[in-house]
Amino acid sequence: MQQIQVPENNAAMALICLLIPLLPFIGFVINGLGNGKLPKSVVTLVGCGSVLVSFLLSIYLFISFPAGSVGYTTEIFNWIKVGSLSIPFAFQIDQLSLIMLLLVTGVGFIIHVYSAGYMSHDPGFGKFFAFLNLFIFSMLLLVMGANYAMMFIGWEGVGLCSYLLIGFWNKVTPYNNAAKKAFIMNRIGDLGFLLAIFLIFMTYGSVTYSEVFTQAPTLPVSSEMITAITLLLFVGAMGKSAQLPLYTWLPDAMAGPTPVSALIHAATMVTAGIYMVLRSNVLYTMAPITLEFVAIIGLATAVFAASIGLFQNDIKKVLAYSTVSQLGYMFLALGVMAYSTSFFHVLTHAFFKALLFLGAGSVIHAMSGEQDMRNMGGLRKALPVTFITMLIGTLAISGIPPFAGFFSKDEILAHVFEHNKIMWAFGLLASFMTSFYMFRLMFLTFFGGFRGTEEQRHHLHESPKSMTLPLIILAILSTIGGFMGLPPVFSENHSLGNFLAPLFTASQQLNPEAFGHHMDHATEYMLMGISVVVALIAAIIAYVIYVSKKSVPAAEGTETGLHKLIYNKYYIDELYDSIIVKPVMGLSTGLYRFVEKGIIDPVVHGFGRITMGGGRGLRVLQSGAIGSYLLTMVAGIILILVLNYIMR
Amino acid sequence: MLTALLLFWPALAGLLVLLMKGEAAKKTAFGAAVIEFLIAVYAAVSFEPNAATQFEINQPWIQNAGISFHIGMDGISLLLVLLTAFLVPLIILSSFKHTYNNAGTFYALILFMQMGMIGSFVALDAFVFYFFWEVALIPIYFICGIWGGERRVPVTFKFFIYTIFGSLFMLVGFVYLYFQTPGTHTSDISAFYNLALSPENQSWVFWFIFLAFAIKMPVFPFHTWQPDTYTEAPTPGTMLLSGIMLKMGIYGVIRWLLPVVPAGVAQWADVVLVLAIIGIIYGAIIAIRQNDLKRLTAFSSISHVGLIAAGLFTLNMQGLQGAMIQMLSHGINVVGMFFLIDIIFRRTGTREIKALGGITQYAKFFTIAFMILLLGTVALPLTNGFVGEFLLLSGVFQYNYIMGAVAGLTIILGSVYLFRMFQRVMFGEANTTTAKFTDLTASELAVLIPLIILVFWIGLHPNTFLNISEPAVQNLLSIIKR
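Residues numbered from 1 in each chain as written. Chains lettered and ligands numbered in written order. Predicted model: local features only at pLDDT ≥ 70, side-chain atom pairs only at ≥ 80, totals over all residues. Heavy atoms only, no water.

Looking at an unreviewed UniProt entry, one finds chain B named NADH-quinone oxidoreductase subunit M and attributed to Adhaeribacter terrigena. According to the UniProt record, the Sequence similarities (unreviewed entry) comment for chain B reads "Belongs to the complex I subunit 4 family." (UniProt positions renumbered as here; feature names shortened; annotations may be inferred.)

Looking up chain A in an unreviewed UniProt entry gives the name NADH-quinone oxidoreductase subunit L, with the organism given as Adhaeribacter terrigena. Recorded under Sequence similarities (unreviewed entry), the UniProt text for chain A is reproduced unchanged: "Belongs to the complex I subunit 5 family."

Put into structure tokens, the structure is as follows:
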């Protein structure tokens, strides 16, 4: 692997790299301190403007990036230096960080604009923009950092923002609980990440990417060590990207305002785990056991979460489980070493899932806060723009050509097919369920008759321009986004894959087998055909149930059997509560009452009484004459000194 | 001379304050503490960044007994002197809203205590160290015993028993070491460092000396005085104890234990690490369900200090430097926390978590300050707590994978009890107790802003401080490992 370069005009580049995250941070400070005082127009200008400028600067970096280069780093200052451990505060600009930059600032900007409309009636308008900007800042540090410690800064920073935004309406206790749950579950993953950083430092003597990855292929390190490092990193990814068994915070995170769900819990933050694996692809390529584990966890999550999505009635909950499931898909791709394919799906998913969430937000906005699809229906007439754009999003996620999701999902399934046919079949099953729950969502929301209250019907309205415009932009991206990665049967030129290729040079040298194309065109066509047919069948089944038969999901508590089990999310939350939360709480009380007050305190106290010579002296003390004891002690010192003097 | 000035200026000022009353005593004490801080900053600026002891004074004291008044500062001492000199004025300022009976005595005691603490950080003779160790204790006994809460008398008594017990053992240990010095006996630090005791003797001397430090920090299971004392002491007393005084125990280990009985340390390091790590988990788990904010913070402190103690005994650069930076961070965060709790108590008349809620709706700047100090405590990157925990955990992990992983649970448990507490105090609906909670006043901001600046300073550029202590720590490690 080539050594990462320092650019010639280093100072200018360093300034631009610094400004990209710094601008949103400044926005955060202004809007945070000015919350409640600044007029909404100023808040919007600062909030959206700062992200827009960062986006423009990112485009500049992208355009001026030398094609085929391995990228460059710019050090801002030395952050932590202790002994041989040296962690610079430095940015790395390469293919991966560039595209993430465009994604975070681009989609981030669109969602900022949307929020100006969505949150316009909220008294915490300024606070909301402050937190959103802080999120962009943290996410940018995560993707721009040139070492694992920098990634960890962003990693925990986005976790904090997620906490603040999930609990944005902090008068409501369940929302606060959801926020706290998200933070704590993420911290479980973070511990794995942290331990991985320590192992990386102990193994490679550095945590800087370029130094670790250039050494990795040649340094004689035991395969157990590499497996441990990659597994621990992946524990971090499981927390942040909501994989089994650390996924339960993400559905609860829907308590936050909908733009937050779109930005943080769909398009950007939750894909940080995929970013991390991609960044460390050299290490993962050297750890086949970890890769298999990643693939299995990803696949299991994809199927499991999709199955829960089948029967949810809250429009945002469906999308939340869908996100968990799609993230599983991305890990499945990573696990079969389809690295650039996984990233392709990160991008297309960012477009269509952000679109779907914002669309859901538009529906909720129109329905005066209603999120239960059983109380919706027939909204396509009142919300035409929302309907059309969401339909595009649904077609994209279901894998219907030529929408974006088709290309990335098909590419994943093709790679999985080569790896293992059984896994491919399960992947297809997840795809089937995805198509079903998405069309179910569309039909329940936009078709049939209106099932809400008269008051809601009265208020139905299409959202303002600041909200529909972002929907339209994202719909366009969801339509054409797939063309950045055309499959080999259509074109030999996979532009995304080619652009990303330098990132995987070392992995390719380690395992050329995994990077070759073995599939003949006939198989490829066949696979494509199967996945499209499967998606269409699911859509048709949904149509029959929810449009032709006009069936509406049953009222709360009347589900039975398997349906009940799935509706209640397999009771996983209840399980965690009884095997983890309750025992820890019991332990807390128990340790305090029985160990602290019952054992240690009396034992130590009794021991003290004995050594201090029993009751009489104690009474002197208890009467408050502590001073006399201290005098005795000082006198004791003097006595020792004097004695020593005489003895000589 | 600078060291002597730093040492005796608070005492002189204390004598003056002793004669004053009320407001005058407060303001004079504050002024004196600020001057002390400026002297400390001057010392830091003129400090040469190397391993040598600087601003040294070595005057014969009890010549025939080989005891000298030997004081001076290397980077390790300097950081703790800076911390003390930084926190004391803020602690005094934080008490401005309170009216204490016999204010002159109260503030004089704080200044006397400052002398004791600085003395123990600069002492380079075992008996001088011991002398200041005890001198620092006397004022805090009075502060807790006279101005404390309802249960102050039994609680102070317990505190007293514990500390005096430890001190006595330390004294015996020092006296033993003193008699082992060759030729004319001396208690000078260099003589202690050059003792070549047999490993058997080091083994028991280790516990005689360590016990005093373990109680002071405190390390599990010698900690049960601490939650009671922190809860019952008047808040300035709690801040002095947790912010500065417990660092005397940690400092004692670094200066008077590790290099003096290295073979004893080698024998017992595993045991101490296990105790320290038990303390991390134990303190954190108990903190989850505490209802009194002060007591919760006390258990949180046991947990955090456990990690520092563990780092000390790893005897590697990351562990020891982590301990250094975490001493500063812990001092800053815990003083800030206790101050915020004091503000809550003054506004609402309660420290019970159950009785609070919804404060954030009324007090924006209070919320921000609370959040920042909470994030520092929970070790979020770019705050001070992260640098310390990162280095400490890395040190412990290098020492032993399993110990490192178990100690690492602190980052999960810490977020459990802190966010649970924060949610219950700050979020939700307000009640009659918390409604109309007034936001921070100017004098409260004057205390919190310097603390918050330090939270980010250490978080963003810890090298300012790490560079001061690194050569001294390096030197210490070479003495231990020779």
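Undergrad: How should I be thinking about the overall build of chain A in this particular structure?
TA: Counting its regular elements, chain A contains 27 helices and two strands. Taking 2.2 N^0.38 as the reference for a compact globule, 648 residues should give roughly 26 Å; the C-alpha atoms of chain A span a radius of gyration of 29 Å, in line with that estimate. With the C-alpha coordinates aligned to their principal axes, the bounding extent of chain A is approximately 105 × 65 × 55 Å. The 648 residues of chain A split such that 61% are buried. (Helix = DSSP H or I, 4+ residues; strand = E, 2+ residues; numbered from the N terminus. Rg over C-alpha atoms; globule rule 2.2 N^0.38 Å. Buried < 20%, exposed > 50% of the residue type's maximum accessible area, 1.4 Å probe, protein only.)

Undergrad: I keep staring at a nonpolar patch on the surface and nothing clicks. Help me out?
TA: Taken together, Leu469, Ile472, Ile473, Ile476, Ile480 and Phe483 of chain A make up a surface patch of nonpolar side chains, about 530 Å² in accessible area. Assignment of secondary structure puts Leu469 of chain A in helix H20 (residues 465-480). (Patch = residues over 30% accessible without salt bridge, like charges linked within 9 Å, V, L, I, M, F, W, Y side chains within 5 Å. Areas by Shrake-Rupley, 256 points an atom, 1.4 Å probe, with all protein chains shown as cover. Salt bridge = Lys/Arg side-chain N within 4 Å of Asp/Glu carboxyl O.)

Undergrad: Where do I start with the pairing of strand S1 (residues 72-82) of chain A in this structure?
TA: Look at any regular strand and the pattern is simple: side chains alternate between the two faces of the sheet. Residue and element names in this part refer to chain A. Across nine bridges, the pairing between S1 and strand S2 (residues 85-93) is antiparallel. Looking at the pairing, Tyr72 lines up with Ile93 of S2. The hairpin turn running from S1 into S2, its antiparallel successor, is two residues long, and Gly83 in that turn takes a positive phi close to 55°. (Pairing = 2+ DSSP bridges.)

Undergrad: Even after reading the chapter, I still don't get the domain arrangement of chain B, so can you show me in this structure?
TA: How big an interface is tends to be expressed through the accessible area that disappears when the partners come together. Residue and element names in this part refer to chain B. For chain B, the assigned domains read domain 1 (1-260) and domain 2 (268-482). Once you take the C-alpha centre of each, domain 1 and domain 2 turn out to be 22 Å apart. Taken residue by residue, the interface counts 52 residues in domain 1 and 54 residues in domain 2. Summing both partners gives a buried area of about 4700 Å² for domain 1 against domain 2, and 77% of it is carried by carbon and sulfur. Our enumeration of links across domain 1 and domain 2 arrives at one salt bridge. In this structure, Arg295 and Asp228 form a salt bridge, with 3.1 Å as the shortest nitrogen-oxygen distance. The interface formed by domain 1 and domain 2 holds 11 residue pairs in polar contact (both at pLDDT 80 or more) in total. Breaking the side of domain 1 that touches domain 2 down by element, the ones donating at least two residues are helix H3 (75-94), helix H8 (199-216), helix H9 (225-232) and helix H10 (235-257). For the side of domain 1 that touches domain 2, the element with the highest residue contribution is H3, accounting for 12 residues. Counted by class, the side of domain 1 that touches domain 2 contains 34 nonpolar, 13 polar and five charged residues. (Domains from an automatic or database assignment. Contact = heavy atoms within 4.5 Å. Buried area = accessible area lost by both parts, 1.4 Å probe. Polar contact = N/O pair within 3.5 Å; in protein donor to acceptor, adjacent residues only side chain to side chain. Nonpolar A, V, L, I, M, F, W, Y, C, P; charged D, E, K, R; others polar.)

Undergrad: Help me understand the interface of chain B and chain A, please; the structure alone is not making it clear to me.
TA: Taken together, the 82 residues of chain B in the interface contact 76 residues of chain A. When the two sides are added together, the surface that chain B and chain A hide from each other amounts to roughly 7200 Å², 74% of it contributed by carbon and sulfur. Looking at the side of chain B facing chain A, the largest losses of area belong to Phe157, Phe390 and Gln423 of chain B, adding up to 9% of the total buried there. Applying the counting criterion to the chain B and chain A interface returns one salt bridge. The closest approach of N and O atoms between Lys597 of chain A and Asp228 of chain B, which form a salt bridge, is 3.8 Å.

Undergrad: Teacher, can you tell me more about the UniProt feature "domain: NADH:quinone oxidoreductase/Mrp antiporter transmembrane" (unreviewed entry) in chain A here?
TA: Taking the numbering used here, the UniProt-annotated feature "domain: NADH:quinone oxidoreductase/Mrp antiporter transmembrane" (unreviewed entry) corresponds to residues 147-434 of chain A. Along residues 147-434 of chain A, the helical share is 76% and the strand share 0%, with 36 Å between the first and last C-alpha atoms.

Undergrad: Would you mind showing me how to read the domain arrangement of chain A here?
TA: Residues and elements named next belong to chain A. The assigned domain composition of chain A is domain 1 (147-567) and domain 2 (568-612). The distance between the C-alpha centroids of domain 1 and domain 2 comes to 40 Å. With 16 residues of domain 1 in contact, the opposing surface of domain 2 contributes seven residues. Of the roughly 990 Å² buried where domain 1 meets domain 2, counting both sides, 55% is carbon and sulfur surface. Applying the counting criterion to the domain 1 and domain 2 interface returns one salt bridge. Between Lys181 and Asp573 there is a salt bridge; the shortest N-O distance is 2.7 Å. At the boundary of domain 1 with domain 2, the tally comes to nine residue pairs in polar contact (both at pLDDT 80 or more).

Undergrad: Mind showing me how you'd approach the pattern of salt bridges here?
TA: Opposite charge on two side chains allows them to pair when their charged atoms are near. Residue and element names in this part refer to chain A. In total, this model carries 17 salt bridges over all chains according to the counting rule given. Residue Asp94 pairs with Arg279 through a salt bridge whose shortest N-O separation is 2.6 Å. Of the two residues, Asp94 is situated in the loop between S2 and helix H3 (95-118) and Arg279 in helix H11 (residues 272-279); the sequence distance between them amounts to 185 residues. Judged by its relative accessible area of 5%, Arg279 falls in the buried class.

Undergrad: Explain the packing of aromatic side chains here, please?
TA: Remark: the centre distance and the inter-plane angle together describe each pair of aromatic rings, the angle taken between the planes. Applying the stated criterion across every chain yields a total of 83 aromatic pairs over all chains. A ring pair is formed by Phe89 of chain A and Phe91 of chain A, whose centres lie 5.9 Å apart and whose planes are at 75°; its orientation type is edge-to-face. The pair formed by Phe89 of chain A and Phe91 of chain A is uniform in burial state, with each residue classed as buried. Residues Phe129 of chain B and Trp133 of chain B carry aromatic rings whose centres are separated by 5.7 Å and whose planes lie at 45° to one another, so their mutual orientation is tilted. Within this pair, Phe129 of chain B and its partner Trp133 of chain B are both found in helix H5 (residues 126-147), separated by four residues, close to a single helical turn. The exposure class assigned to Trp133 of chain B is buried, which follows from its relative accessible area of 1%. In this structure an aromatic cluster arises from ring pairing among Trp79, Phe152, Trp155, Phe193 and Phe198 of chain A together with Phe386, Phe390, Phe397 and Tyr401 of chain B. One Lys or Arg, Lys40 of chain A, reaches over the ring of Phe125 of chain A and ends 5.5 Å from the middle of that ring. The positively charged end of Arg347 of chain B is found above the aromatic ring belonging to Phe437 of chain B, 5.4 Å away from the centroid. (Phe/Tyr/Trp six-rings, centres within 6.5 Å; stacked < 30°, edge-to-face > 60°. Lys NZ or Arg CZ within 6 Å of the ring centre and 35° of its normal.)

Undergrad: Is there a simple way to think about helix H4 (residues 103-122) of chain B in this case?
TA: Residues that lie three or four places apart on an α-helix share one face, since the helix turns once every 3.6 residues. Compared with an ideal rise of 1.5 Å per residue, which puts 20 residues at 28 Å, H4 of chain B spans 29 Å between its outermost C-alpha atoms and is within 8% of the ideal. With 19 of its 20 residues buried, H4 of chain B lies for the most part within the structure. (Expected span 1.5 Å × (residues − 1).)

Undergrad: For this particular structure, what's the right way to read unusual backbone geometry?
TA: Generally, phi is negative for residues other than glycine and the peptide bonds are trans, each holding for most cases. Omega for the bond connecting Leu244 of chain A with Pro245 of chain A falls within 30 degrees of zero, at 0°, which places this linkage in the cis form. Note that the residue after Met217 of chain B, namely Pro218 of chain B, is joined by a cis bond; omega there is -5°. Phi at Phe55 of chain B is positive, roughly 50°, even though this residue is not glycine. Of note, the phi angle at Leu382 of chain B is positive, near 75°, even though the residue is not glycine.

Undergrad: Help me out: how do you make sense of empty space enclosed by the protein in this one?
TA: Empty pockets left among the atoms are what a rolling probe the size of a water molecule brings to light. Residues and elements named next belong to chain B. Evaluated as defined, the whole model comprises nine cavities of 30 Å³ or more. In this model, the largest cavity occupies a volume close to 140 Å³. Considering the residues around the largest cavity, the lining is formed by 17 residues, among which Ser300, His304, His330, Asn333 and Thr377 are closest to the centre. Contributing elements (two or more residues each) for the lining of the largest cavity: helix H12 (293-314), helix H13 (317-348), helix H14 (364-377), helix H15 (384-399) and helix H16 (401-426). By residue class, the composition of the lining of the largest cavity is five nonpolar, 11 polar and one charged. (1 Å grid on protein atoms, 1.4 Å probe; cavity = no way out; pocket = protein on both sides within 12 Å on 5 of 7 lines; lining within 4 Å. Points joined across faces, edges and corners; volume = space filled by probe spheres on them.)

Undergrad: Explain the environment of Thr314 of chain B here, please?
TA: Residues and elements named next belong to chain B. Following the sequence through the fold, Thr314 ends up in helix H12. Looking at Thr314, the relative accessible area reads 7%, which means it is buried. Residues Thr314 and Gln361, 47 residues apart in the sequence, show an inter-C-alpha distance of 45 Å. Ignoring anything within four residues of it in the chain, the contact list for Thr314 reads Leu273, Gly319, Gly395, Val396 and Tyr399. A polar atom in the side chain of Thr314 sits 2.7 Å from the backbone oxygen of Gly311.

Undergrad: Hey, could you run me through helix H5 (residues 148-166) of chain A in this one?
TA: All names here are of chain A. Under the 1.5 Å per step criterion, the end-to-end length of H5 is 26 Å for 19 residues, consistent within 8% with the ideal 27 Å. Burial of H5 is extensive: 19 of the 19 residues sit out of reach of the surface. Two or three places before Ala149, at the opening of H5, Asn147 has a side-chain oxygen 3.1 Å from that residue's backbone nitrogen.

Undergrad: How do you make sense of the packing of helix H6 (residues 173-204) of chain A against H15 of chain B when you look at a structure like this?
TA: Each pair of packed helices can be described by the angle between their axes along with the distance between the axes. Here H6 of chain A crosses H15 of chain B at 65°, and the two axes come no closer than 10 Å. Both H6 of chain A and H15 of chain B take part in a crossing whose hand is right-handed. Contacts from Leu194, Leu195, Ile197, Phe198, Leu199, Phe201 and Met202 of chain A in H6 of chain A reach Phe390, Leu393, Ser394, Phe397 and Gln398 of chain B in H15 of chain B. Residues of the contact of H6 of chain A with H15 of chain B, tallied by class, amount to 10 nonpolar, two polar and no charged. (Axes fitted to C-alpha atoms, helices over the stretch in contact; angles between N-to-C directions. Left-handed = near helix turned anticlockwise from the far one by under 90°.)

Undergrad: Just to check I follow, could you spell out the confidence of the model for chain A for this structure?
TA: All names here are of chain A. Looking at chain A as a whole, its pLDDT mean stands at 87, while 91% of the residues score no less than 70. When pLDDT is averaged over each helix and strand of chain A, the minimum, 47, is found for helix H26 (residues 615-622) and the maximum, 95, for H11. Here residues 614-625 is a poorly scored stretch, pLDDT under 50, and it has 12 contacts once near neighbours within four places are set aside; other chains count. (pLDDT = per-residue confidence, 0-100.)

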